[in-house]
Amino acid sequence: MTLGGSGGSSVVVPRNFRLLEELERGEKGIGDGTVSYGMDDGDDIYMRSWTGTIIGPHNTVHEGRIYQLKLFCDKDYPDKPPSVRFHSRVNMTCVNPDTGLVDPRKFPVLGNWQRDYTMEYILTQLKKEMAVSQNRKLVQAPEGSFF
């Protein structure tokens, strides 16, 4: 790769720089405040373990509920997607009902992962997924239930 050359070359941002960018963005707050994320352990130099929060969308059974998720960015992130698991119990078609793991085969953001996707994008798309017809009215476990 030639830096500064023409021909459409792009610079690949190293993993830790990318995660630092995501951390900074997560700490500033995102959009309307219904989605947030941050590191679990500020001393983890590999920046692997993250916690996300989604406040359920309006006009759904999820409205006003606070969902906690765990995101794990392995050494291959962002070339490969993080593993995403709901800690709060949720009933959605793309979430394993026993473990809370988001199934990449049922959630295209993970299944068709692109390097420029972010944890923010994952969380906002999961929030949108809560509002689709298959998920918006599914019976949910009592609020405060966890996997």
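Remember, it's a predicted structure, so these values are computed and weren't measured experimentally.

Visitor: Whenever I open this one, the pairing of strand S2 (residues 49-55) confuses me. Can you help?
Guide: Regular strands place side chains that alternate from one sheet face to the opposite one. Along S2, the buried face is formed by Trp-50, Gly-52 and Ile-54; none of Ser-49, Thr-51, Thr-53 and Ile-55, which line the opposite face, is buried. As paired elements, strand S1 (residues 35-39) and S2 share 5 bridges and run antiparallel to each other. Opposite Met-39, over in S2, you have Trp-50 as the bridge partner. Judged from the 7 bridges that link them, S2 and strand S3 (residues 66-72) form a sheet pairing that is antiparallel. Residue pairing in the sheet places Thr-53 in a bridge with Gln-68 of S3.

Visitor: Even after reading the chapter, I still don't get helix H3 (residues 119-130), so can you show me in this structure?
Guide: Structural remark: α-helix, 3.6 residues per turn; residues separated by three or four positions point the same way. Its 12 residues give H3 an end-to-end C-alpha distance of 17 Å, which sits within 8% of 16 Å, the value for a rise of 1.5 Å per residue. Among the 12 residues in H3, 9 count as buried, and that is most of the element. Looking only at H3, the buried set comprises Met-119, Glu-120, Ile-122, Leu-123, Gln-125, Leu-126, Lys-127, Glu-129 and Met-130. The secondary structure elements touched by the buried residues of H3 are helix H1 (15-28), S1, S2, S3, strand S4 (83-86) and helix H2 (108-111).

Visitor: Any chance you could explain the nonpolar core here in plain terms?
Guide: Grouped burial of nonpolar side chains is what soluble globular proteins tend to show. Judged by nonpolar contacts, the single largest core of 31 residues is most densely connected at Trp-50, Phe-86, Val-102, Ile-122 and Leu-126. When contributions to this core are tallied by element, the ones reaching two or more residues are H1, S1, S2, S3, S4, H2 and H3. Here the element with the most residues in this core is H3; it accounts for 5 residues. The contacts of Leu-126, once residues within four sequence positions are left out, are Ile-54, Leu-69, Val-84, Phe-86, Met-92, Cys-94, Val-102 and Phe-107.

Visitor: What am I meant to see in the pattern of salt bridges here?
Guide: When their charged atoms lie close together, side chains carrying opposite charge are able to pair. In the structure shown here, the tally under the stated rule is 9 salt bridges. The partner of Asp-44 in a salt bridge is Arg-48, and the shortest N-O contact between them spans 3.4 Å. For Asp-44, a relative accessible area of 13% puts it in the buried group.

Visitor: Just checking my understanding: could you explain the side chain of Arg-15 for this structure?
Guide: As for its position among the elements, Arg-15 is in helix H1. Asp-74 is the oppositely charged side chain nearest to the buried, salt-bridge-free Arg-15, at an N-O distance of 6.4 Å. One polar contact links Arg-15 to Asn-16, side chain to side chain, over a distance of 3.1 Å. If we ignore the near neighbours within four places in the chain, the residues touching Arg-15 are Tyr-46, Met-47, Arg-48, Cys-73, Asp-74, Lys-75, Tyr-77 and Pro-78.

Visitor: What should I look at first to understand the side chain of Thr-60 in this one?
Guide: In this fold, Thr-60 is placed in the loop between S2 and S3. At 3.0 Å, the side chain of Thr-60 and the backbone nitrogen of His-62 are in polar contact. If near-sequence neighbours (up to four positions away) are discounted, Thr-60 is found in contact with Met-130, Ala-131 and Arg-136.

Parameters at a glance
- Residues numbered from 1 in each chain as written.
- Predicted model: local features only at pLDDT ≥ 70, side-chain atom pairs only at ≥ 80, totals over all residues.
- Heavy atoms only, no water.
- Buried < 20%, exposed > 50% of the residue type's maximum accessible area, 1.4 Å probe, protein only.
- Helix = DSSP H or I, 4+ residues; strand = E, 2+ residues; numbered from the N terminus.
- Pairing = 2+ DSSP bridges.
- Expected span 1.5 Å × (residues − 1).
- Contact = heavy atoms within 4.5 Å.
- Core = buried A, V, L, I, M, F, W, Y, C linked by side-chain atoms within 4.5 Å.
- Salt bridge = Lys/Arg side-chain N within 4 Å of Asp/Glu carboxyl O.
- Lys, Arg positive; Asp, Glu negative; His and termini not counted.
- Polar contact = N/O pair within 3.5 Å; in protein donor to acceptor, adjacent residues only side chain to side chain.

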